[in-house]
Amino acid sequence: MEFTVADQPTMKNITGYGISDEDGAFYITFDFVPYSVEDNNRVPESEPRHAIIYFWKDAERDAYGHAFSYHDDADYHPDGVYVDLRK
């Protein structure tokens, strides 16, 4: 999935996935770092940011929706089933 920050492409690394107990949404946790195409695709020396993308069935539109959330804690994920790919 194309994921940009301030119109810059990002390097992404999936860290886990799960199903939220709260609403049953499937989600993927990942780290990302924006990089600059103008700087020969050089990834800056910076700490990765952490995010979650959620997917759910939208029965009203007979489609699927998605949304992002951002977190300071790399270990944060919703309660429920979770598979940590870093272990």
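This text gives an overview of the structure that appears in the document.

Thresholds applied
Residues numbered from 1 in each chain as written. Predicted model: local features only at pLDDT ≥ 70, side-chain atom pairs only at ≥ 80, totals over all residues. Heavy atoms only, no water. Helix = DSSP H or I, 4+ residues; strand = E, 2+ residues; numbered from the N terminus. Buried < 20%, exposed > 50% of the residue type's maximum accessible area, 1.4 Å probe, protein only. Pairing = 2+ DSSP bridges. Polar contact = N/O pair within 3.5 Å; in protein donor to acceptor, adjacent residues only side chain to side chain. Contact = heavy atoms within 4.5 Å. Phe/Tyr/Trp six-rings, centres within 6.5 Å; stacked < 30°, edge-to-face > 60°. Lys NZ or Arg CZ within 6 Å of the ring centre and 35° of its normal. Salt bridge = Lys/Arg side-chain N within 4 Å of Asp/Glu carboxyl O.

1. Section: unusual backbone geometry
Reasoning step 1: Even without being a glycine, D62 presents a positive backbone phi close to 50°.
Reasoning step 2: Counting through the fold element by element, D62 comes out in the loop between β4 (49-58) and β5 (63-71).
Reasoning step 3: Using a relative accessible area of 61% as the deciding quantity, one classes D62 as exposed.

2. Comments concerning the pairing of β5
Reasoning step 1: Note: β4 against β5, nine bridges, orientation antiparallel. The residue of β5 that forms the bridge with H50 is H71.
Reasoning step 2: In this antiparallel pair of consecutive strands, β4 and β5, the connection spans four residues, and D62 shows a positive phi of 50°.

3. Thoughts on the side chain of S69
Reasoning step 1: Within the secondary structure, S69 sits in strand β5.
Reasoning step 2: A relative accessible area of 18% places S69 in the buried class.
Reasoning step 3: A polar contact of 2.7 Å, which involves the side chain of S69, links it to the side chain of H71.
Reasoning step 4: Those residues in contact with S69, other than ones at most four positions away along the chain, are H50, A51, I52 and Y54.

4. Some remarks on the packing of aromatic side chains
Reasoning step 1: The full count for this structure, using the stated rule, is seven aromatic pairs.
Reasoning step 2: Ring centres of F30 and F32 lie 6.0 Å apart, and the angle between their planes is 45°; this geometry places the pair in the tilted category.
Reasoning step 3: By relative accessible area, F30 is classed as buried at 8%.
Reasoning step 4: With a relative accessible area of 1%, F32 lands in the buried category.
Reasoning step 5: Ring pairing ties together the aromatic residues F30, F32, F68 and Y70, which thus form one cluster.
Reasoning step 6: Sitting over the ring of Y70, R49 keeps its end group 5.7 Å from the ring centre.
Reasoning step 7: The ring of Y64 is capped by K57, whose NZ or CZ atom sits 5.1 Å from the centre of that ring.

5. Re the pattern of salt bridges
Reasoning step 1: With the rule as written, the count across this model stands at four salt bridges.
Reasoning step 2: Salt-bridge contacts for D75 lead to R86; the nearest nitrogen and oxygen are separated by 3.1 Å. One end of the pair, D75, is in the loop between β5 and β6 (80-84); the other, R86, is in the segment after β6, and eleven residues separate them in sequence.
Reasoning step 3: Look at R86 and you get partly exposed, because its relative accessible area is 39%.

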